[in-house]
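The lines below spell out each chain.
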Amino acid sequence: MVSFDARRRARRGSDRSFFMLIGSLSVAAFAAVFSWPSNPTTIDEPFQSFGGFECRVSSITDGDTLRCSGGTRIRLHAVAAREKDETCRPGHPCPMASGASATARLTELAAGQTLRCEQTGETYGRVAAICRNEADVEINCAMVESGTTLLWPKYDRQRPICQ
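This text gives an overview of the structure that appears in the document.

Looking now at the overall build of the protein. Assigned secondary structure in the protein consists of four helices and eight strands. Seen in sequence order, the protein has helices and strands lined up from the N terminus as α-β-β-β-β-β-α-β-β-α-β-α. Nonlocal contacts in the protein, meaning residues at least 24 apart in sequence, comprise 54% of its contacts between residues at least 6 apart. For the protein, the accessible surface area stands at approximately 10000 Å², while carbon and sulfur atoms represent 56% of it.

Here it is in structure tokens:
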């Protein structure tokens, strides 16, 4: 039989656990409320009629990556460009055109514009997407057609561009 003191000590321990749990939850709730981002979406503005999202381009990173004003980084789906240092990663298609020429072409097509994009996946912290510029040009396709980038067949089979 358990003594009265043992039961009281056991109850005190469970009371402490309960209050510690309540305190932890209160701290977590406070932190969530006061640190919640003002724009909690992971991508820029939803574009309901298009079924995707809008991206106001704030910068061009290289020939296949850009950044939206809300912070979203977009990697053009099914497109392969040289890196800034003019190399190609092992296993990636490697265009003959320079990375600088691909970056310049993407700048012509997208810089300062509001794009309509459809997310196709995620890669290395970026949203993979097919995007159209304000002139309704599919940027992914235009980059490949320009010769500054290559079509990446593996991803094009999953979701074709140039349609």
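Examined against the element boundaries, R126 turns out to sit in strand β7 (residues 126-132). Taking the C-alpha atoms as reference, R126 lies 9.6 Å from L76; in sequence the two are 50 residues apart. The residues contacting R126, other than those within four sequence positions of it, are T65, R73, R75 and G121. At 3.0 Å, the side chain of R126 and the side chain of T65 are in polar contact.

What follows deals with the side chain of N140. With respect to the helices, strands and loops of the structure, N140 is situated in helix α3 (residues 139-145). Among the polar contacts listed, one links the side chain of N140 to the backbone oxygen of A129, at a separation of 3.1 Å. Polar contacts involving the side chain of N140 include one to the main-chain amide nitrogen of C131, which spans 3.0 Å. Other than its neighbours up to four places away in sequence, N140 contacts L76, H77, V79, A129, I130, C131 and I161.

Attention now goes to unusual backbone geometry. Backbone geometry at A78 places phi at a positive 65°, although glycine is not the residue there. Checked against the element boundaries, A78 lands in the loop between β4 (73-76) and β5 (79-80). Since its relative accessible area comes to 4%, A78 is described here as buried.

Let us look at the state of the cysteines. Summed over all chains, the structure comprises four disulfides. Each sulfur of the disulfide joining C55 and C68 lies 2.0 Å from the other. Taking the torsion about the S-S bond as the criterion, the C55 to C68 disulfide, at about -110°, is left-handed. Note that C55 is positioned in strand β2 (residues 52-62) and C68 in strand β3 (residues 65-68), a separation of 13 residues in sequence. For the pair C55 and C68, one class covers both residues: buried.

A general tendency of soluble globular proteins is for nonpolar side chains to be buried together. Ranked by size, the top nonpolar core spans 25 residues in total, and within it C55, L66, I74, L115 and I139 carry the most contacts. Secondary structure elements with two or more residues in this core: β2, β3, β4, α2 (99-110), β6 (114-123), β7 and α3. When residues no more than four places from it in sequence are discounted, the contact partners of L66 are C55, V57, S59, I60, T61, T72, R73, I74, L106, A110 and L115.

Turning next to the side chain of H77. One can find H77 in the loop between β4 and β5. By relative accessible area, which is 5% here, H77 ends up buried. Ignoring any residue separated from it by four or fewer positions in sequence, one finds H77 in contact with T120, A129, I130, N140, Y155, R159 and I161.

Each value, and the rule that gives it
- Starting afresh in each chain, residues are numbered from 1 along the sequence in its written order.
- Where totals are concerned, whole chains, interfaces and linings use all residues; where local detail is concerned, this predicted model gives features only for residues with pLDDT of at least 70, and gives and counts side-chain atom pairs only at 80 or more.
- Remark: hydrogens and water are excluded; side-chain values derive from all non-hydrogen atoms of the structure.
- Helix and strand assignments come from DSSP, with helices taken as H or I runs of at least 4 residues and strands as E runs of at least 2, each series counted from the N terminus.
- What makes two residues a contact is simply this: any of their non-hydrogen atoms within 4.5 Å.
- Computed with a 1.4 Å probe, the accessible areas rest on the Shrake-Rupley method; for each residue, only the protein chains presented here act as cover.
- In the analysis that follows, any N or O atom pair within 3.5 Å is treated as a polar contact, provided that within protein one partner can donate a hydrogen and the other can accept it, and provided that, for residues neighboring in sequence, both atoms belong to side chains.
- Type-normalised accessible area, obtained with a 1.4 Å probe on protein chains alone, sets the label of each residue: buried when under 20%, exposed when over 50%, and partly exposed for intermediate values.
- Defined by distance alone, a disulfide is two cysteine sulfur atoms within 2.5 Å.
- Throughout, nonpolar core names a set of buried Ala, Val, Leu, Ile, Met, Phe, Trp, Tyr and Cys residues whose side chains join them through atoms within 4.5 Å.

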